[in-house]
Amino acid sequence: MEDVKLDGSDFRGAALGRLRLIDSWMLSANLQGAVLDGNKLDVRLNDADLSGASLREADLTGASLQRAIATNADFSKSLLRGADFSDANLFRAKFMDAVTGLFDGVDTSFRGANCTHALFTADQPLC
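About the cut-offs
- Residues numbered from 1 in each chain as written.
- Predicted model: local features only at pLDDT ≥ 70, side-chain atom pairs only at ≥ 80, totals over all residues.
- Heavy atoms only, no water.
- Helix = DSSP H or I, 4+ residues; strand = E, 2+ residues; numbered from the N terminus.
- Rg over C-alpha atoms; globule rule 2.2 N^0.38 Å.
- Buried < 20%, exposed > 50% of the residue type's maximum accessible area, 1.4 Å probe, protein only.
- 1 Å grid on protein atoms, 1.4 Å probe; cavity = no way out; pocket = protein on both sides within 12 Å on 5 of 7 lines; lining within 4 Å.
- Points joined across faces, edges and corners; volume = space filled by probe spheres on them.
- Nonpolar A, V, L, I, M, F, W, Y, C, P; charged D, E, K, R; others polar.

Peer 1: Can you help me understand the overall build of the chain in this one?
Peer 2: When its secondary structure is counted, the chain shows zero helices and four strands. Helices and strands in the chain line up, N terminus first, as β-β-β-β. Whereas a compact globule of 127 residues would reach a radius of gyration of roughly 14 Å, the chain reaches 13 Å, a difference of no more than 12%. Here the C-alpha coordinates of the chain stretch approximately 35 × 30 × 25 Å along the principal axes. For the chain, with 127 residues in total, the buried portion stands at 50%.

Below is the structure:
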């Protein structure tokens, strides 16, 4: 799906398999405990609640997660090139073997994020 507006949606605990959102919006969405493993999410998740969500092996290339609450979320093995986690709460989030770096000249950003007790692979940039 492309250019979908799901701002403020409530997907708490939902298992959202085979999802492909391109250039879409989920501002302030509630995704607490949602399972989004392996999905393609080119989406703006600014101010969304991803607490306890599973995004293992998800493709979040270029996604915006500014000010998102992602405590205890699992981003392990996800593609995070150019993703923006600025000012996000990533307390105890997992980023094991996630792929970070440049996408369209923009680097993955953790500027101002709370990364207390977040888990990263040793060769990844810590926030």
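Peer 1: Any chance you could explain empty space enclosed by the protein here in plain terms?
Peer 2: The probe, sized like a water molecule, is rolled over the atoms to show the empty space still left. Per the counting criterion, the structure on display carries one cavity of 30 Å³ or more. Considered as a void within the structure, the largest cavity measures approximately 40 Å³ in volume. Taken together, L16, L19, M26, L31, L36, L41, V43 and L45 make up the full set of residues lining the largest cavity. Along the lines of polarity and charge, the residues of the lining of the largest cavity split into eight nonpolar, no polar and no charged.

Taken by themselves, the reported measurements are silent on function.
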